[in-house]
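Residue-level listing of the chains:
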Amino acid sequence: MSVVDGATTGRGRMSVHPVDRKSPLPAWAQVQRDLRRQIGQELQTGYRLPTERELSELYGVSRITIRQALSALAADGYVERRQGAGTFVADIPEPVQHDFALTTPWRDRFHAAGQTAKSIHLRDAPTEPEPHELTKLITPEEASAERLHLKRLHVVNDRAIGLTDSWVPEPMAPGLSDQVLIDGSLSRTLREVFERTPSDTNHYLEVGAANSREAHLLNTTLEAPLFVVWSVARLKDGSLLETTRTVWLGSRVRFHYTSAFPGS
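Residues numbered from 1 in each chain as written. Predicted model: local features only at pLDDT ≥ 70, side-chain atom pairs only at ≥ 80, totals over all residues. Heavy atoms only, no water.

## Notes on the layout of surface pockets
Link 1 in the chain: Its volume calculated, the second largest pocket comes out at about 280 Å³.
Link 2 in the chain: Lining the second largest pocket are 13 residues, with L25, A29, Q32, E223 and P225 positioned closest to its centre.
Link 3 in the chain: The element best represented in the lining of the second largest pocket is helix α1 (residues 27–41), accounting for five residues.
Link 4 in the chain: Along the lines of polarity and charge, the residues of the lining of the second largest pocket split into seven nonpolar, two polar and four charged. (1 Å grid on protein atoms, 1.4 Å probe; cavity = no way out; pocket = protein on both sides within 12 Å on 5 of 7 lines; lining within 4 Å. Points joined across faces, edges and corners; volume = space filled by probe spheres on them. Helix = DSSP H or I, 4+ residues; strand = E, 2+ residues; numbered from the N terminus. Nonpolar A, V, L, I, M, F, W, Y, C, P; charged D, E, K, R; others polar.)

## Some thoughts on the pairing of strand β8 (residues 159–169)
Link 1 in the chain: In terms of burial, β8 is largely enclosed, as 10 of its 11 residues are buried.
Link 2 in the chain: Across 10 bridges, the pairing between strand β7 (residues 147–156) and β8 is antiparallel. What sits directly across from H154, in β8, is G162.
Link 3 in the chain: Taken together, the six bridges between β8 and strand β11 (residues 240–249) define a ladder with antiparallel strand orientation. (Buried < 20%, exposed > 50% of the residue type's maximum accessible area, 1.4 Å probe, protein only. Pairing = 2+ DSSP bridges.)

## Overview of the packing of α1 against helix α3 (residues 63–75)
Link 1 in the chain: Running from amino to carboxyl end, α1 crosses α3 at an angle of 50°, the nearest separation of the two axes being 8 Å. Classified by the angle between their axes, α1 and α3 sit oblique to one another. Judged by the twist between their axes, the crossing of α1 over α3 is right-handed. In contact with A27, W28, V31, Q32, L35 and R36 of α1, α3 contributes T65, I66, Q68, A69, L70, A72 and L73.
Link 2 in the chain: Tallied by class, residues from the contact of α1 with α3 come to nine nonpolar, three polar and one charged. (Axes fitted to C-alpha atoms, helices over the stretch in contact; angles between N-to-C directions. Parallel < 35°, antiparallel > 145°, perpendicular 65-115°, else oblique. Left-handed = near helix turned anticlockwise from the far one by under 90°. Contact = heavy atoms within 4.5 Å.)

## Let's talk about the side chain of E242
Link 1 in the chain: For E242, the position within the fold is in strand β11.
Link 2 in the chain: Side-chain polar atoms of E242 contact the side chain of S166, separated by 3.0 Å. (Polar contact = N/O pair within 3.5 Å; in protein donor to acceptor, adjacent residues only side chain to side chain.)

## Description of the packing of aromatic side chains
Any two aromatic rings considered together are summarised by their centre-to-centre distance and by the angle between their planes.
Link 1 in the chain: Evaluation of the coordinates by the stated rule reveals zero aromatic pairs.
Link 2 in the chain: In this structure, R82 packs its charged tip against the face of F88, placed 4.1 Å from the ring centre. (Phe/Tyr/Trp six-rings, centres within 6.5 Å; stacked < 30°, edge-to-face > 60°. Lys NZ or Arg CZ within 6 Å of the ring centre and 35° of its normal.)

## What to know about the pattern of salt bridges
Link 1 in the chain: One pass over the structure, following the stated rule, counts 16 salt bridges.
Link 2 in the chain: Of the charged contacts in the structure, one is a salt bridge between R81 and E52, with a shortest N-O distance of 2.6 Å. Of this pair, R81 sits in strand β3 (residues 79–82) while E52 sits in helix α2 (residues 52–59), and the two are 29 residues apart along the sequence.
Link 3 in the chain: The class for R81 is partly exposed, based on a relative accessible area of 35%.
Link 4 in the chain: Take E52: its relative accessible area is 15%, and that puts it in the buried class.
Link 5 in the chain: Two residues, R234 and E142, come together in a salt bridge whose shortest N-O distance is 2.7 Å. Residue R234 is located in strand β10 (residues 225–234), and its partner E142 is located in helix α6 (residues 140–144); the two are separated by 92 residues in the primary sequence. Each member of the pair, R234 as well as E142, is classed as buried.
Link 6 in the chain: Salt bridges linked by common partners bring E52, R63, R67 and R81 together as one network. (Salt bridge = Lys/Arg side-chain N within 4 Å of Asp/Glu carboxyl O.)

## Considering the sheet that holds strand β9 (residues 200–209)
Link 1 in the chain: In space, the six strands of this open sheet follow the order β6-β7-β8-β11-β10-β9, with antiparallel pairing throughout. Each having just a single partner strand, β6 (117–121) and β9 make up the two edges of the open sheet. For this sheet, the mean angle separating the axes of adjacent strands, direction not counted, is 20°.
Link 2 in the chain: Note: β9 against β10, 10 bridges, orientation antiparallel. Across the sheet, residue N202 finds its bridge partner in β10, namely V232.

Read these as layout, nothing more, since geometry by itself doesn't imply function.
Laid out in structure tokens, this is it:
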């Protein structure tokens, strides 16, 4: 792909990758990706980006397309848009690091590191059917049984990083719909209020994209990259306790794991 040089606002020059009209990726997303690359590799905090008109000329796209790209970058914290002054490279916060093994309550790790972390039970969220990706991981009888749906928003240092939808069989937690979740945690509530602790939980990780509802709750853009974790938790006797779908915003979360090799 060719590179185009263009003048900025008196603070040097930018080299941009022009939009590929044959790409399935929308033009605004291509511009967002290229500006994010430059912010990560070349542009310092406080750098003032060219105006929308100048960027429009550099990339060969409309100002509306540029505005979409800048809005997406602002939503993810890469730039700050100041009325009457322009768009500036922000002091980008480090992505939240998550345990790939998913064995430790994530809030506890952040609290131990001196960060604020909480889950907010979205009690007014509409009931959602369990996705097929989850129902195929359980038996038809379990999938057809009556279950309660709960949604939580996960926030670290006042930034939304993820969402969890859970489905719990009614007999496992009678009255759960009227229960205030302890610290917004369903697992802790199931353990401390209903004395239900999973014996094993299977997790499945894949990549997804934010739909309109998720984009709104996470304050990000439609189709923003997500880590999607499907989970099935069971009691010691094999009874289904909970199925969950958790999404982590790719621009704000990174996963960590440690590999051990024999003889190392």
